[in-house]
Amino acid sequence: MASLALTIFLLVLLTQLIDWVGKSLLEDWAFALYSRLLISGPARQQRALKRDVFREKQELARTSAQDEFAKWARLRRRVDKGLADLDKLNAQLSSARSAFSLRFKALLFLLTSGAQWALVWYYRAAPVFYLPPGWLGPIAWWLSLPFAPAGSVSCGMWQFACRRVLKLSESLVREIVCTSLPSVPPSVPPSLPPSFLPAFHPPPAHSALPSHPSSLPGPH
Amino acid sequence: MDDEELLPPTLQNVLDQKTLKWIFCGGKGGVGKTTTSCSLAIQLAACRESVLLISTDPAHNLSDAFGQKFSKDATKVNGFENLYAMEIDPTSSMQEMIEQSDQSGGAMGGMMQDLAFAIPGVDEAMGFAEIMKHVKSMTYSVIVFDTAPTGHTLRFLSFPSVLEKALGKLSTLSGRFGPMLQQMSGMFGMGQQEDMFARLEEMRGTITEVNTQFKDPELTTFICVCISEFLSLYETERLVQELSAYEIDTHNIVVNQLLFPRADSTCEQCNVRHGMQQKYLREAHELYDGMFHIVQLPLLTEEVRGPEKLKEFSRMLVVPYEPPK
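Residues numbered from 1 in each chain as written. Chains lettered and ligands numbered in written order. Predicted model: local features only at pLDDT ≥ 70, side-chain atom pairs only at ≥ 80, totals over all residues. Heavy atoms only, no water.

The name given to chain B in an unreviewed UniProt entry is Arsenical pump-driving ATPase, and the organism recorded there is Calocera cornea HHB12733. Taken directly from UniProt, the Subunit (unreviewed entry) text for chain B runs: "Homodimer." The heading Sequence similarities (unreviewed entry) in the UniProt record of chain B holds the text "Belongs to the arsA ATPase family." (UniProt positions renumbered as here; feature names shortened; annotations may be inferred.)

In its Sequence similarities (unreviewed entry) section, UniProt records this for chain A: "Belongs to the WRB/GET1 family." What the UniProt record of chain A gives under Subcellular location (unreviewed entry) is the line "Endoplasmic reticulum membrane".

Undergrad: Explain the overall build of chain B to me, using residue names and the numbers behind them.
TA: When you go through chain B residue by residue, the secondary structure sums to twelve helices and eight strands. Residues counted as buried form 48% of the 325 residues belonging to chain B. Sequence separation of 24 or more characterises 77% of the internal contacts of chain B that already satisfy a separation of 6 or more. When the accessible surface of chain B is totalled, it reaches about 15400 Å², and 54% of it is carbon and sulfur. (Helix = DSSP H or I, 4+ residues; strand = E, 2+ residues; numbered from the N terminus. Buried < 20%, exposed > 50% of the residue type's maximum accessible area, 1.4 Å probe, protein only. Contact = heavy atoms within 4.5 Å. Areas by Shrake-Rupley, 256 points an atom, 1.4 Å probe, with all protein chains shown as cover.)

Undergrad: Give a detailed account of a positive patch on the surface, specifying residues and quantitative values.
TA: Residue and element names in this part refer to chain A. Taken together, Arg36, Arg44, Arg47 and Arg51 make up a surface patch of like positive charges. Per-element tally for the positive patch: the top contributor is helix H3 (residues 40-62), with three residues. Its place among the elements puts Arg51 in helix H3. With relative accessibility at 58%, the residue Arg51 sits in the exposed group. (Patch = residues over 30% accessible without salt bridge, like charges linked within 9 Å, V, L, I, M, F, W, Y side chains within 5 Å. Salt bridge = Lys/Arg side-chain N within 4 Å of Asp/Glu carboxyl O. Lys, Arg positive; Asp, Glu negative; His and termini not counted. Charge placed at Lys NZ, Arg CZ, Asp CG, Glu CD.)

Undergrad: Explain the UniProt feature "active site" (unreviewed entry) in chain B to me, using residue names and the numbers behind them.
TA: UniProt records the feature "active site" (unreviewed entry) at Asp57 of chain B, using the numbering of this structure. Within the element layout of this structure, Asp57 of chain B appears in the loop between strand E2 (51-55) and helix H3 (62-66).

Undergrad: Would you mind going over the UniProt feature "binding site: ATP" (unreviewed entry) in chain B in detail, with residue names and values included?
TA: All names here are of chain B. Taken from the UniProt record, the annotation "binding site: ATP" (unreviewed entry) applies to Lys28, Gly29, Gly30, Val31, Gly32, Lys33, Thr34, Thr35, Glu229 and Asn256. In this structure, the largest pocket is lined, among the annotated residues mentioned, by Gly29, Gly30, Val31, Gly32, Lys33, Thr34, Thr35 and Asn256. Mapped onto the fold, Glu229 is located in the loop between strand E6 (220-227) and helix H10 (230-245). On the basis of relative accessibility, which here comes to 26%, the residue Glu229 falls in the partly exposed class. Look past the residues within four positions of Glu229 in its chain and what remains in contact with it is Arg273, Met276 and Tyr280. Inspection of the secondary structure puts Asn256 in strand E7 (residues 252-258). Classification of Asn256 as buried rests on a relative accessible area of 4%. Non-local contacts of Asn256, meaning those with residues more than four positions away in its chain, are made with Val31, Gly32, Thr36, Val225, Cys226, Ile227, Ser228, Leu297 and Phe313. (1 Å grid on protein atoms, 1.4 Å probe; cavity = no way out; pocket = protein on both sides within 12 Å on 5 of 7 lines; lining within 4 Å.)

Undergrad: Tell me about the packing of helix H2 (residues 23-37) of chain A against helix H4 (residues 69-122) of chain A, residues and numbers included.
TA: Residues and elements named next belong to chain A. Running from N to C, H2 and H4 point in directions that differ by 120°, and their axes come no closer than 10 Å. The pairing of H2 with H4 is recorded here as oblique in orientation. For H2 against H4, the interelement crossing comes out right-handed. On the side of H2, the interface is formed by Lys23, Leu26, Glu27, Asp28, Ala30, Phe31 and Tyr34, while H4 contributes Ala96, Arg97, Phe100, Ser101, Arg103, Phe104, Lys105 and Leu108. For the contact of H2 with H4, the per-class residue count stands at eight nonpolar, one polar and six charged. (Axes fitted to C-alpha atoms, helices over the stretch in contact; angles between N-to-C directions. Parallel < 35°, antiparallel > 145°, perpendicular 65-115°, else oblique. Left-handed = near helix turned anticlockwise from the far one by under 90°. Nonpolar A, V, L, I, M, F, W, Y, C, P; charged D, E, K, R; others polar.)

Undergrad: Talk me through the interface of chain A and chain B; I want residue IDs and the actual numbers.
TA: Facing the twelve residues of chain A at the interface are eleven residues of chain B. Interface area for chain A against chain B, summed over the two sides, is near 1100 Å², with a carbon-plus-sulfur share of 58%. Contact with chain B buries surface across chain A, with Gln66, Phe69 and Arg77 of chain A losing the most and accounting together for 54% of the total. The partner of Asp67 of chain A in a salt bridge is Lys279 of chain B, with the nearest N and O atoms 3.6 Å apart. Here chain A and chain B share six residue pairs in polar contact (both at pLDDT 80 or more) between them. (Buried area = accessible area lost by both parts, 1.4 Å probe. Polar contact = N/O pair within 3.5 Å; in protein donor to acceptor, adjacent residues only side chain to side chain.)

Undergrad: An account of the sheet that holds strand E1 (residues 22-26) of chain B is requested, with residue identities and associated values reported.
TA: All names here are of chain B. The sheet built from eight strands is open, its strands ordered E3-E4-E2-E5-E1-E6-E7-E8 with mixed pairing. With partners counted over all chains shown, the strands left at the sheet margins are strand E3 (75-76) and strand E8 (293-298), one partner each. Of the pairings in the sheet, the one linking E1 to E6 comprises five bridges and is parallel in character. In the strand pairing of E6, Gly26 is matched with Cys224. Its contacts with the sheet place helix H2 (residues 33-47) against E1, E2, strand E4 (83-87), strand E5 (142-146), E6 and E7, and it is angled at close to 170° to E5. (Pairing = 2+ DSSP bridges.)

Undergrad: Give me the UniProt feature "transmembrane region" (unreviewed entry) in chain A: which residues, what numbers.
TA: Residue and element names in this part refer to chain A. UniProt's entry tags residues 106-124 and 139-161 with the feature "transmembrane region" (unreviewed entry), counted in the numbering of this structure. The distance separating the terminal C-alpha atoms of residues 106-124 is 24 Å; by composition the span is 89% helix and 0% strand. What you have in residues 139-161 is 48% helix and 9% strand, and the ends, taken at the C-alpha atoms, are 15 Å apart.

Undergrad: How would you sum up the pattern of salt bridges? Please name residues and give values.
TA: Residue and element names in this part refer to chain A. If you walk through the whole model with that rule in mind, you get 14 salt bridges over all chains. Measuring nitrogen to oxygen at the nearest pair gives 2.9 Å for the salt bridge that ties Asp28 to Arg97. In this pair, Asp28 sits in helix H2 while Arg97 sits in helix H4, placing the two residues 69 residues apart along the sequence. Note on Asp28: relative accessible area 37%, which makes it partly exposed.

Undergrad: How would you sum up the packing of aromatic side chains? Please name residues and give values.
TA: Throughout the structure, instances matching the rule amount to 21 aromatic pairs over all chains. Plain terms: the ring middles of Tyr34 of chain A and Phe100 of chain A are 4.5 Å apart, the flat faces sit at 25° to each other, and that makes the pair stacked. A residue pair is termed long-range when its members are at least 10 positions apart, and Tyr34 of chain A in helix H2 and Phe100 of chain A in helix H4 qualify at 66 residues. Judged on exposure class, the residue Tyr34 of chain A and its partner Phe100 of chain A are both buried. Joined through ring pairs, the aromatic side chains of Phe69 and Trp72 of chain A together with Phe230, Tyr234 and Tyr280 of chain B make up one cluster. Above the plane of the ring of Phe31 of chain A lies Arg97 of chain A, whose end atom (NZ or CZ) is 4.7 Å from the centre. Taking NZ or CZ as reference, Lys311 of chain B lies 4.9 Å from the ring centre of Phe80 of chain B, over its face. (Phe/Tyr/Trp six-rings, centres within 6.5 Å; stacked < 30°, edge-to-face > 60°. Lys NZ or Arg CZ within 6 Å of the ring centre and 35° of its normal.)

Undergrad: I'd like a description of the layout of surface pockets, backed by residues and values.
TA: Residue and element names in this part refer to chain B. For the largest pocket, the calculated volume is near 520 Å³. Val31, Gly32, Thr35, Gln257 and Val304 are, among the 21 residues lining the largest pocket, the residues nearest its centre. Listing elements by their share of the lining of the largest pocket, those giving two or more residues are H2, H3 and E7. Broken down by element, the residue count for the lining of the largest pocket peaks at three residues, all from H2. Taken together, 14 residues make up the lining of the second largest pocket; nearest its centre are Leu259, Phe260, Pro261, Leu299 and Thr301. Its residues assigned to classes, the lining of the second largest pocket shows eleven nonpolar, two polar and one charged. (Points joined across faces, edges and corners; volume = space filled by probe spheres on them.)

Laid out in structure tokens, this is it:
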């Protein structure tokens, strides 16, 4: 049953990956792709219209209403019309966006949590693998919850274990990265304050001193 | 601009269009709306059976222009056979209506009324609807409105759709809570809101009907009055845009108070101002030629007051003014 174990692990990994990247970011990318491929008409129109309105607005600002009223009024009419069109287009696009967002979220759910649940439920009575008897002693029955045969690891437990491991490794990696990155700069600041502070604030030296060591960050 | 494209610079087109029932004169304050609308009414009186001139401007100028006191009821204008005039203040007629119903209704009726009148602009529109009902029962072949400065008019012209929505809500409310309210008011000895809703409904009907008439270019046209100055031209452009948004026909612009100093005039102000006016006039021609009749009226050396002077002035709406050489 190695394939079942692998499938569940991959599913959990996928969910976790999506989580790491961020759902909203993914949605943005997907929508950008979607609008480029499938509704390119309105999106391109919107870009062109925005550019036009912007250009006309600039021209309007350059035109003196007093000296060239007719030209100014014509420009103004065009700008107003452009803005109205843009509003309409924006509303259209944003409704397309919200519809897309709904469908995209549903798809993500089906691919991740939904698929996991379905799998775990479908193979609820199947063992993922058997533990060597007597390994964990009394808590072995707990690993086969809810319906897997005694002495085995159930799908639910396997999924849970995978997720835990991924999360732990994430925090491990994060800790390593975080501590290894800022460990370079702190070597400089500690040398600065002792030479600086007394020079600038000679009288309150004792009051500055006690607070000083506590304000120093991590390297100790 | 090509000369062939130029529409004749007169209001003859309005006089010739016999289907017209409603004619509005509108523009910023102080540009000569009243003079224009009076002159137009006088010209119309010469070629129609009967003409009614209504001022909805709270600052009533008709009385001033004709030198005769007008009231809320149509009064025949002295010196004319078929020209009538009336002055109405939409807001005050509304006020009267509220007071009237307050007397007949109780506290509950008053509350519901407050609710209904909380709709923005409802007072004006209902006042106007009231006028319309009034006017519709009378038989005039054409009615000229001397409207209040720009914003006012447009608000009421745009009103019916807002009112439609609000009243629709209110009447569902009345359907839901009506019975309860009736019981309560029965307890307190009042029974007005049914009556109130019926009246609101009726009002809505009137306003909607009036509005469809206004949107028919065969029945209604709007004459924009302006002077040859930047702000006035700017307001006119806005007015034209808004009117087209409300689908109200407009194809006449009256440019008023144009200065034509004599060639040997040494009046510095006059000459400078003449130059400025001509500049804006050129711009107006460039912008509106082809779609609008642009009528030019001169600034006279006397005030245009009284029927005789108005009659004389009104001729310039039909025969273009020739500046003295």
